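Spelled out, the chains give:
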Amino acid sequence: MSVIDKHQSPDFAKMSQATAISLGLLRGRMYRGAVNKCVNLLVHYSEGCAANCAYCGLAKKRPGTYEKKSFIHVDWPVFSMDEIVKAINVSPPYVQRTCISMITNGKCRKHTVEMVRRLKNETSLPISILISPTILAADDLVEMKQSGADKIGIAIDLATPQLFDKYRGSGVSGPHKWRRYWETLETGLQVFGPPHVGAHLMVGMGETEQEMVSLMDKLWKMGVVNHLFSFLAEEGSTLMDHPQPPWPTYLRVQLARYLIEKGLSEYPVMQFDHRGRVVDFGVRKRQVVSAISSGAPFMTTGCLGQDGEVACNRPFGNCLPDVKQWNYPYPPSEEEINHIRRNIFNLE
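Just so it is clear, the structure is predicted and the values come from calculations on it, not from any experiment.

(A) Region of interest: the overall build of the protein chain. Helix and strand counts for the protein chain come out as eleven helices and ten strands. Computed over C-alpha atoms, the radius of gyration of the protein chain comes to 19 Å, within 12% of the 20 Å expected from 2.2 N^0.38 for 348 residues, which places it in the range of a compact globule. For the protein chain, the spread of C-alpha atoms along the three principal axes comes to 60 × 45 × 40 Å. Within the protein chain, buried positions represent 58% of all 348 residues. Accessible surface computed for the protein chain: about 15,200 Å², of which carbon and sulfur atoms make up 51%.

Have a look at this one:
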């Protein structure tokens, strides 16, 4: 057995580069003093993930060894759970949560529970799991909650069943099924309850703004929290040449999500043009102006920490650091808000 083979879960895990910087395991600093508020871990095996999602850096058919594959555009170095536990217990106060991301690998079910149990017993941070529905049964979700997880996330990602199948299912010879994901979402709500189930949604995969807003409204009314991502191509992936969605499109979807989840509007009262773009958010102009001026709609959405603020803020996971960002990991500055104002209603 090689050295790499020994460095596998549940005794080892991959950790995002931003997390390693926040925990002092790697040296570095981020744009505008951004910090990663969540300990983002990834279950790790040398053989990797059995899925083949077209946009994912961990896709089975993406060139390169699993050990060297990036995920969400950054390296994920491997650390022992001993090192991880020790680092969490001396982490800065802004670190508010741990999240374990599963992959589609049969061993992952048992090992994820073991990792959650250890983190629950040896650290004080709340624990989320980004689960892989394809390899899970209802009893697994119950065991995850009993082991210490308080929230789960499910990467629905695509806005329609057709797009899901094209990019995650039969279109890429992948194992994932739209129906299975929704069944797991409903089971998750039964086990964890609202608002402890989140859905990852990715803008820019061929859906219209109207389709994404309709989906967000449906999920929110079910009791599911929407966690928005923008597509950004992974080098070497099947969709490496696919463009990022226009920034104004993403801004409008972000604002629609904010208004829905704040109880200020809902999909049926919003209006869309012939291309499915939002042209009326269903609220008074002053409410739109106030929301934009706050900057809050355009910040990263994810699981909350103990302080009630978003902990999973994924700095620069959707874009390069700049005044124009697809998810701000901090409250946008006045310069950034002015840039948003100038662009959000651009329909060109």
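(B) Main features of the packing of aromatic side chains. Applying the stated criterion to the full structure yields seven aromatic pairs. On the basis of an interplanar angle of 45° and a centroid distance of 5.7 Å, the ring pair of Tyr267 and Phe272 is categorised as tilted. Taking NZ or CZ as reference, Lys218 lies 4.6 Å from the ring centre of Trp182, over its face. Against the face of Phe229 rests Arg314, its NZ or CZ located 4.0 Å from the ring centre.

(C) Layout of the layout of surface pockets. The computed volume of the second largest pocket comes to approximately 660 Å³. Of the residues that constitute the lining of the second largest pocket, the class distribution is 15 nonpolar, nine polar and six charged.

(D) Up close: the packing of helix α10 (residues 285–294) against helix α11 (residues 334–343). Following both chains from N to C, one finds α10 and α11 inclined at 140°, their axes separated by 9 Å at the closest point. Comparing the axis directions of α10 and α11 gives the class oblique. Residues Ile292, Ser293 and Ser294 of α10 form the contact with α11, whose own contacting residues are Ile337, Ile340 and Arg341. Its residues assigned to classes, the contact of α10 with α11 comprises three nonpolar, two polar and one charged.

(E) Summary view of the side chain of Asp157. Note that Asp157 resides in strand β6 (residues 151–157). Classification of Asp157 as buried rests on a relative accessible area of 10%. Aside from chain neighbours lying at most four places away, what touches Asp157 is Tyr55, Arg168, His200, Leu201, Met202 and Met212.

(F) Inspection of the pairing of β6 at higher detail. Among the seven residues that make up β6, seven are buried, leaving the element largely enclosed by the rest of the structure. Burial along β6 is two-sided: the residues Lys151, Gly153, Ala155 and Asp157 and Ile152, Ile154 and Ile156 are all buried. Bridge count for strand β5 (residues 127–131) against β6 is four bridges, and the pairing is parallel. The partner of Ile129 across the bridge, within β6, is Ile152. With helix α5 (residues 138–147) bridging β5 and the parallel β6, this β-α-β connection has right-handed handedness. Bridge count between β6 and strand β7 (residues 197–203): four bridges; the pairing is parallel. The residue of β7 that forms the bridge with Ile152 is Val197.

(G) Geometry of the nonpolar core. In this structure, Tyr55, Ile131, Met144 and Leu255 are the most contacted members of the largest nonpolar core, which totals 100 residues. Among the elements that make up this core, the one with the highest residue count is helix α9 (residues 247–261) (nine residues). Once you skip the residues sitting within four places of it in the chain, Met144 turns out to touch Met102, Val113, Val116, Ile129, Ile131, Leu136, Ala149 and Phe192.

(H) Representation of the sheet that holds strand β1 (residues 12–15) in the model. As summarised here, the arrangement of the eight strands in space is β3-β1-β2-β4-β5-β6-β7-β8, forming an open sheet in which the pairing is mixed. This sheet does not close on itself; its edge strands, each paired only once, are β3 (78–80) and β8 (225–230). Averaged over neighbouring strand pairs, the angle between their axes works out to 30° when direction is ignored. Running over the sheet, helix α3 (residues 81–88) touches β1, β2 (38–42), β3 and β4 (97–101) and is turned about 80° from β3. The sheet contacts of helix α7 (residues 178–192) involve β5, β6 and β7, and relative to β6 the element is tilted by about 160°.

(I) The pattern of salt bridges, seen in detail. Applying the stated criterion across every chain, the model contains 14 salt bridges. Residue Glu336 pairs with Arg32 through a salt bridge whose shortest N-O separation is 2.7 Å. Of this pair, Glu336 sits in helix α11 while Arg32 is found in the loop between α2 (17–22) and β2, placing the two residues 304 residues apart along the sequence. Overall, Glu336 belongs to the buried group, its relative accessible area being 1%. With a closest N to O distance of 3.2 Å, Arg109 and Asp140 form a salt bridge. Of the two residues, Arg109 is situated in helix α4 (residues 108–122) and Asp140 in helix α5; the sequence distance between them amounts to 31 residues. For Arg109, a relative accessible area of 36% translates into the label partly exposed. Via salt bridges that share partners, Asp82, Arg118 and Glu122 belong to a single interconnected network.

(J) Broad picture of α3. Where α3 is concerned, the buried positions are Met81, Ile84, Val85, Ala87 and Ile88. One side of α3 holds all its buried residues, which, seen down the axis, span an arc of 165°. The exposed residues of α3 that point more than 90 degrees off its buried face are Asp82 and Lys86. Along its buried surface, α3 packs onto β1, β2, β3, β4 and α4.

Scoring rules and cut-offs
- Residues numbered from 1 in each chain as written.
- Predicted model: local features only at pLDDT ≥ 70, side-chain atom pairs only at ≥ 80, totals over all residues.
- Heavy atoms only, no water.
- Helix = DSSP H or I, 4+ residues; strand = E, 2+ residues; numbered from the N terminus.
- Rg over C-alpha atoms; globule rule 2.2 N^0.38 Å.
- Buried < 20%, exposed > 50% of the residue type's maximum accessible area, 1.4 Å probe, protein only.
- Areas by Shrake-Rupley, 256 points an atom, 1.4 Å probe, with all protein chains shown as cover.
- Phe/Tyr/Trp six-rings, centres within 6.5 Å; stacked < 30°, edge-to-face > 60°.
- Lys NZ or Arg CZ within 6 Å of the ring centre and 35° of its normal.
- 1 Å grid on protein atoms, 1.4 Å probe; cavity = no way out; pocket = protein on both sides within 12 Å on 5 of 7 lines; lining within 4 Å.
- Points joined across faces, edges and corners; volume = space filled by probe spheres on them.
- Nonpolar A, V, L, I, M, F, W, Y, C, P; charged D, E, K, R; others polar.
- Axes fitted to C-alpha atoms, helices over the stretch in contact; angles between N-to-C directions.
- Parallel < 35°, antiparallel > 145°, perpendicular 65-115°, else oblique.
- Contact = heavy atoms within 4.5 Å.
- Pairing = 2+ DSSP bridges.
- Right-handed = clockwise from strand over helix to strand, strands pointing away.
- Core = buried A, V, L, I, M, F, W, Y, C linked by side-chain atoms within 4.5 Å.
- Salt bridge = Lys/Arg side-chain N within 4 Å of Asp/Glu carboxyl O.
- Arc of directions from axis to C-beta.

Any functional reading would require information beyond the geometric quantities listed.
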